[in-house]
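# Fold and contact review
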Amino acid sequence: MRYLTHSDRNRQISAALYSKITELLFVGLLLVFIYPFFIAISGIDPTLPLEDQSQVKTVYYLRLALPLLCLAITSMYRGFGLLLSLPRAITIYLLLCLISTIWSVNPYDTFKYTSLLFLYVLAVAAICHVLNMEVVCKIIVKVLAFLILASVVMALAFPNYGTHQVVDAFEGIHAGHWRGVFVHKNHLGAAAAIGLFTFMFFRRLMDASFGFRLTCIIAAIACLIFAQSAGALIAICVMLVYYWVIRTVPASANLLLLVIFGVSALAYTAFIFFGADLVAVVGRDVTLTGRTDIWPIVLDAIWQKPLLGFGYYAATQDFVGPILDASVGVRYSHNGYLDVLLGTGIVGLVSLLFCFFSVLVAGIGRVKTSAGSEAECFMLLLTFLILGLFYSFFEETIASNEGTLGALTFLSLTAIPLYLRVDRGNCQRPRSIDT
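Each helix and strand counted, the protein has 19 helices and 0 strands in total. The buried share among the 435 residues of the protein stands at 54%. A sequence separation of at least 24 residues applies to 75% of the contacts in the protein between residues at least 6 apart. When the accessible surface of the protein is totalled, it reaches about 19,100 Å², and 68% of it is carbon and sulfur.

Structural data, given as structure tokens:
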């Protein structure tokens, strides 16, 4: 039996402290990019003077500081090799977004938000080099539980802040709908859809009593109902079907991926061809969410520069945003695929979809060949990607690292390839520690 020396004990204590600090940084990273602090530090109260509404600056500085802290603490033990370990597919897309600064309609905005996206992906890579996959997934589940429960408390106890008000700028039409700790009901709807699916099917990762788990499920259902986000309600139904297909159908990853993309494409095509019938039945447009009057305007803008777009982020915020605001009273396309085409064109969309394709194939393949907690972890991360692909028909999720689903989508695109290839021994502990 080997006795630990004083030096060994110090190294173990240092490693434990290092791991806990990394976990806390990861929690902070998720919360800042998911953006639940809006109600705490912003001026959504219409009576608050504009000069006191400093949420944009505060969150922006936090989004710079936390990723840099993640990189700093990881580099102390790992060096800067993690910069070279980013998955190639997502790196290509990130570089394209950065290069789009050259032809952007607003180079400053493109460079600013591409830098934030780059920092976020690097920070996630740094976290994955320190914490094993099960720890990362358990932290994600805990953050989701916190957001859902906090949203219910906010909507019930502080309705002036937890629900949309008539006096809200641009959001009076949603008066009475829950938004919880988020700025908009659709953000709460996306978080509730993810949370409900997670609390129902990933019991082991939740690591909580039956009573607490049941409370979270009920809270998520309440958020789905009272947020009245049609896209979220449809998304959770689609995810239930896809979860059953991936976990139970004895088929290869490539075939299952074909099912995922094929069924989604067929359903979307059916909406287009039978739109008039659907409108007659439900009284809404073919997406059931009131979006299709926006899309033709955006498509006209895309065809002006279809190959490379108008620059990441700036294309929507600075170019098409004012056009939509003047035409239909909104500033966003409400379609993630159109956002990618606007920002980085066909080249960018092909690059990003290839990233999704490669990660989904590898991830589904591992789910089919693994068991236990590893299979659950990979399935949870795949859930974010599949839901992101579907939900992006109604929101601008696929191209953004902001919001619950956007942040978790880019986390999965980074984490899944790293956990598939990184040496597990090095991934779970600092290399300087001997046991």
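A word on the packing of aromatic side chains. Inspection of the entire model under this criterion finds 6 aromatic pairs. Centroid distance Y113 to Y313: 3.8 Å. Interplanar angle 20 degrees. Geometry classified as stacked. Residue Y113 is located in helix α5 (residues 107–130), and its partner Y313 is located in the loop between α14 (295–302) and α15 (314–327); the two are separated by 200 residues in the primary sequence. Judged by its relative accessible area of 25%, Y313 falls in the partly exposed class. An aromatic cluster of three or more residues is present, and its members are F197, F201 and F202. Above the plane of the ring of F33 lies R63, whose end atom (NZ or CZ) is 5.4 Å from the centre.

Quick look at the environment of A190 now. Tracing the chain through its elements places A190 in helix α8 (residues 185–201). For A190, a relative accessible area of 9% corresponds to the buried category. Here the alpha-carbon distance between A190 and G403, two residues 213 residues apart in the chain, equals 8.7 Å.

Once that is clear, we can look at the pattern of salt bridges. As enumerated under the stated definition, the model contains 3 salt bridges in all. E134 is the partner of K138 in a salt bridge, and the nearest nitrogen-oxygen pair spans 3.4 Å. Of the two residues, K138 and E134 both sit in helix α6 (residues 133–157), 4 residues apart, roughly one turn of that helix. For E374, the salt bridge goes to R366, with nearest N and O atoms at 3.3 Å.

One finds F26, L30, Y120, I140, F199, L381 and L411 to be the most contacted residues of the largest nonpolar core, which totals 132 residues. Apart from the residues lying within four places of it in its own chain, the contact partners of L411 are F26, L30, Y120, V124, I140 and L381.

Our next topic: the state of the cysteines. A complete count under the given rule lists 0 disulfides for this structure. Note on C137: no disulfide assigned, nearest cysteine sulfur contributed by C377 at a separation of 3.9 Å. In this structure C137 comes out as buried when scored by relative accessible area, which is 0%.

Overall, the predicted model of the protein reaches an average pLDDT of 78, with 76% of residues at or above 70. No element of the protein has a lower mean pLDDT than helix α19 (residues 424–428), which averages 42, and none a higher one than α6, which averages 93. Scored below 50 in pLDDT, residues 41–48 shows 18 contacts in the model against residues more than four places distant or in partner chains.

For the rest of this paragraph, the subject is helix α10 (residues 210–227). Taking 1.5 Å per residue, 18 residues should reach 26 Å; α10 reaches 25 Å between its end C-alpha atoms and fits that length. When we look at burial in α10, the residues that qualify are R213, C216, I217, A219, A220, A222, C223, L224 and A227. Among the residues trailing α10, Q228 stands out with phi positive, at a value near 55 degrees.

Together, L95, L98, I99, I102 and F111 make up an exposed nonpolar region whose accessible area comes to about 480 Å². Per element, the largest residue contribution to the nonpolar patch is 3 residues, and it comes from helix α4 (residues 88–99). With respect to the secondary-structure elements, L98 resides in helix α4. Relative accessible area serves as the criterion here: at 31%, L98 is assigned to the partly exposed category.

Bringing the environment of Q228 into the picture now. Relative to the helices and strands, Q228 is located in the loop between α10 and α11 (230–248). In this structure, the C-alpha to C-alpha distance between Q228 and K185, residues 43 residues apart in sequence, is 7.4 Å. Ignoring sequence-local partners within four residues, the contact set of Q228 consists of H177 and K185. Polar contacts involving the side chain of Q228 include one to the side chain of H177, which spans 3.4 Å.

Right, let's talk about the packing of α5 against helix α18 (residues 404–421) for a bit. α18 packs onto α5 with a crossing angle of 45 degrees between their chain directions and a minimal axis gap of 9 Å. Between α5 and α18, the angle is such that the two are oblique. With respect to the hand of their crossing, α5 and α18 are arranged in right-handed fashion. Of α18, the residues touching α5 (which contributes L117, Y120, V121, V124, A125, C128 and H129) are A407, L408, F410, L411, T414, A415, L418 and Y419. Residues of the contact of α5 with α18, tallied by class, amount to 13 nonpolar, 2 polar and no charged.

We now examine unusual backbone geometry. At D207, a residue that is not glycine, the phi angle is positive and equals roughly 55 degrees. Within the secondary structure layout, D207 lies in the loop between α9 (203–206) and α10. According to the relative accessible area criterion, D207 is exposed, its value standing at 55%. One non-glycine residue with positive phi stands out, namely Y313, at about 70 degrees.

Cut-off values and rules
Residues numbered from 1 in each chain as written. Predicted model: local features only at pLDDT ≥ 70, side-chain atom pairs only at ≥ 80, totals over all residues. Heavy atoms only, no water. Helix = DSSP H or I, 4+ residues; strand = E, 2+ residues; numbered from the N terminus. Buried < 20%, exposed > 50% of the residue type's maximum accessible area, 1.4 Å probe, protein only. Contact = heavy atoms within 4.5 Å. Areas by Shrake-Rupley, 256 points an atom, 1.4 Å probe, with all protein chains shown as cover. Phe/Tyr/Trp six-rings, centres within 6.5 Å; stacked < 30°, edge-to-face > 60°. Lys NZ or Arg CZ within 6 Å of the ring centre and 35° of its normal. Salt bridge = Lys/Arg side-chain N within 4 Å of Asp/Glu carboxyl O. Core = buried A, V, L, I, M, F, W, Y, C linked by side-chain atoms within 4.5 Å. Disulfide = S-S within 2.5 Å. pLDDT = per-residue confidence, 0-100. Expected span 1.5 Å × (residues − 1). Patch = residues over 30% accessible without salt bridge, like charges linked within 9 Å, V, L, I, M, F, W, Y side chains within 5 Å. Polar contact = N/O pair within 3.5 Å; in protein donor to acceptor, adjacent residues only side chain to side chain. Axes fitted to C-alpha atoms, helices over the stretch in contact; angles between N-to-C directions. Parallel < 35°, antiparallel > 145°, perpendicular 65-115°, else oblique. Left-handed = near helix turned anticlockwise from the far one by under 90°. Nonpolar A, V, L, I, M, F, W, Y, C, P; charged D, E, K, R; others polar.

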